[in-house]
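Chain by chain, the residues run as shown.
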Amino acid sequence: MGTGSGSGSLTNHTQSFSGSLFQERLRTEDWGPRFFAYYYKQWDDYQMSYHTHDSTEIMYIITGMCRVDVMMADGSSEQAVLKKGQFILLDAGVPHRLMVQDGVPCRMLNVEFGFARTASGQLTIKQLALEEDTVHAFLKHMAPYLVLPDPEEVYYTMKSLVLELDQRGLMEQRQRQEQGTLVRTLFIQLLVRIARLRGEMERSALDQTELYVKRTIEFMHHNMDRSIQMKDIAAAVNLHPGYLHRIFRNYMQWTPTDYLTMLRMEKAKMLLQQTNIPISEISDYVGVGSRQYFHMLFKKYTGKTPVQYRDSMERIQWSYPEELE
């Protein structure tokens, strides 16, 4: 991680070089990786100023822990606490700073890279994105930064990549149009591994969300006759009410309250149509304690009062066949 903006040395190369991992032309034109910094570093009691790079940066935590503060586009900041076996990917141009506590050293492997136009016939990011759906999805899903856990696959690939870059020499790399088949191959492996890790993380989060939403809906079905509130629902699935509200709304496109109201009104419609339960008692069957409030909700939901709805429905008359003698 450099201690200041890297824009000065790259100003003259804006037509042939670009550092963002999520730019569209990586998926539509022939571009390959170009590396500018790669090193191991032990940090202790260190506070870095906010800065940016023209290149994308990966910081892999080998031992210890550290914190990376990221300045978002709206001016707010987010903090990412990184521990052994985790890494952060910072897109080009994103302001950030490294913070390491005294007495809690952090050893990391750092790689900074961008992209340059590549010669015809060379393996390109576009070709990889066409062949690997996970990479294509990853490159389209722009993010200022990502924090991911690693089962050591990323670390081993980064170590091999840095070793190869060291052996070739930085000055030699800058003199060549291409950075070597092995370097490109290792970078492709690195990109694929990161894309798959992100995909797995998103699927895991989606699976977990689906499980919580399913449990929430089941609890609503089993308890809609009671005067349950959001705090009761959240407690039943062991989540904070605010967090449950957010994931439920994002997954179902309904708020939990609106979904519960829908279930109650559908139950009320069934009871009005298929039973002889007095209308004055229906509200108790669907967990709405106030009859006046129930009438208001029902009319808003169906456009009819409970009396009008029952009168308009052909109620089912239950009959049973006589027993044969």
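Counting of residues starts from 1 at the beginning of each chain's written sequence and follows it residue by residue. Given that this is a predicted model, residues contribute local features only at a pLDDT of at least 70 and side-chain atom pairs are listed and counted only at 80 or more, while totals for whole chains, interfaces and linings are drawn from all residues. The basis for every side-chain value is the complete set of non-hydrogen atoms in the structure, without hydrogens or water.

K.L.:
Before we move on, can you summarise the layout of surface pockets with the specific residues and values?
P.N.:
Approximately 290 Å³ is the volume attributed to the second largest pocket. Using a 1 Å grid laid over the protein atoms alone, points where a 1.4 Å probe fits but cannot get out form a cavity; open sets with protein on both sides within 12 Å along at least 5 of 7 lines form a pocket; any residue with an atom within 4 Å of a point counts as lining. In this structure, the second largest pocket is lined by 19 residues; those nearest its centre are Thr257, Thr261, Arg264, Tyr293 and Leu297. By the criteria applied, helices consist of DSSP H or I runs no shorter than four residues and strands consist of E runs no shorter than two, each listed in order from the N terminus. Counting residues per element, the ones that place at least two in the lining of the second largest pocket are α7 (230–236), α9 (256–274) and α11 (291–302). The element contributing the most residues to the lining of the second largest pocket is α9, with 7 residues. Grid points are joined across faces, edges and corners, and a volume is the space filled by probe spheres set on the points.

K.L.:
With reference to specific residues and values, describe the pairing of strand β8 (residues 106–117).
P.N.:
With 10 of 12 residues buried, β8 lies mostly within the body of the structure. Pairing of strand β2 (residues 31–43) with β8, which is carried by 12 bridges, proceeds in the antiparallel orientation. Each residue of the ladder has a partner; that of Ala37, found in β8, is Glu112. At least two bridges found by DSSP between two strands is the condition for calling them paired. In terms of strand pairing, strand β4 (residues 56–71) meets β8 through 8 bridges, oriented antiparallel. Of the residues in β8, the one forming a bridge with Ile58 is Val111. Categorising residues by exposure relies on relative accessible area from a 1.4 Å probe, with only protein chains included: less than 20% of the type maximum marks a residue as buried, more than 50% marks it as exposed, and the intermediate range marks it as partly exposed.

K.L.:
Tell me about the packing of helix α6 (residues 181–223) against α9, residues and numbers included.
P.N.:
Two elements in contact, α6 and α9, have axes whose closest approach is 10 Å; the angle formed by their N-to-C orientations is 40 degrees. If you check the angle between α6 and α9, you find them oblique. Of the two possible hands of crossing, α6 and α9 adopt the one that is right-handed. Judged by residue contacts, Ile217, Met220 and His221 of α6 engage Pro256, Tyr259, Leu260 and Leu263 from α9. Angles here are taken between N-to-C directions and fall from 0 to 180 degrees, while the axes themselves are lines fitted to C-alpha atoms, restricted in helices to the stretch in contact. Angles are sorted into four bins: roughly parallel if under 35 degrees, roughly antiparallel if over 145, roughly perpendicular if 65 to 115, and oblique for all others. Note: crossing handedness is left-handed where the near helix turns anticlockwise from the far helix by less than a right angle, and right-handed where it turns clockwise. Pairs of residues are marked as contacts when any of their non-hydrogen atoms sit within 4.5 Å.

K.L.:
Tell me about the packing of aromatic side chains, and please be specific about residues and values.
P.N.:
For Phe, Tyr and Trp, where Trp contributes only its six-membered ring, two rings pair if their centres lie within 6.5 Å, and the inter-plane angle classes them as stacked under 30 degrees, edge-to-face over 60, or tilted in between. Under the counting rule described, the total for this entry stands at 14 aromatic pairs. A ring pair is formed by Phe294 and Phe298, whose centres lie 5.8 Å apart and whose planes are at 45 degrees; its orientation type is tilted. With Phe294 and Phe298 both in helix α11, this residue pair falls 4 residues apart, about one helical turn. Just as Phe294 is buried, Phe298 falls in that class too. An aromatic cluster is built from Phe35, Phe113, Phe115 and Phe187, whose rings are joined through pairwise contacts. Here, a charge over a ring is recorded when the distance from Lys NZ or Arg CZ to the ring centre is within 6 Å and its angle to the ring normal is within 35 degrees. The lysine or arginine in question, Lys41, covers the ring of Trp43, its NZ or CZ lying 5.1 Å from the ring centre.

K.L.:
Before we move on, can you summarise the state of the cysteines with the specific residues and values?
P.N.:
By convention in this document, the label disulfide applies to cysteine sulfur atom pairs within 2.5 Å. What the rule picks out here adds up to 0 disulfides. Free cysteine: Cys66, not disulfide-bonded; nearest cysteine sulfur from Cys106 at 3.8 Å. A relative accessible area of 0% places Cys106 in the buried class.

K.L.:
Tell me about the packing of α9 against α11, residues and numbers included.
P.N.:
Interaxial distance between α9 and α11 falls to 10 Å at its minimum, and their mutual angle equals 90 degrees. Between α9 and α11, the angle is such that the two are roughly perpendicular. Facing α9, whose interface residues are Thr261, Met262, Met265, Glu266, Ala268, Lys269 and Leu272, α11 presents Phe294, Leu297, Phe298, Tyr301 and Thr302. Of the residues belonging to the contact of α9 with α11, the class tally is 8 nonpolar, 2 polar and 2 charged. Only Asp, Glu, Lys and Arg are considered charged in this grouping, and only Ala, Val, Leu, Ile, Met, Phe, Trp, Tyr, Cys and Pro are considered nonpolar; every other residue, Gly among them, is considered polar.

K.L.:
Could you give me a rundown of the confidence of the model for the protein, with the residues and numbers involved?
P.N.:
Looking at the protein, the pLDDT average stands at 88 and 88% of residues meet or exceed 70. Confidence drops under a pLDDT of 50 for residues 3–16, and excluding neighbours within four residues, the segment shows 22 contacts in the predicted structure. Each residue carries a pLDDT score, the predictor's own confidence in it, on a scale running from 0 to 100.

K.L.:
If you had to explain the side chain of Thr124 to someone new, which residues and values would you point to?
P.N.:
Following the sequence through the fold, Thr124 ends up in the loop between β8 and α2 (125–131). With residues near it in sequence (within four places) discarded, Thr124 still touches Asp30, Trp31 and Thr118.

K.L.:
Summarise the nonpolar core; cite the residues concerned and give the values.
P.N.:
Ranked by internal contacts, the top residues of the largest apolar core, which has 40 residues, are Leu21, Phe35, Phe138 and Ile194. It is α6 that provides the largest number of residues to this core, a total of 10 residues. In this description, a nonpolar core means a group of buried Ala, Val, Leu, Ile, Met, Phe, Trp, Tyr and Cys residues linked to one another through side-chain atoms lying within 4.5 Å. In terms of nonpolar packing, the next biggest core, distinct from the first, is built from 19 residues, Phe219, Ile233, Tyr259 and Met262 among them.

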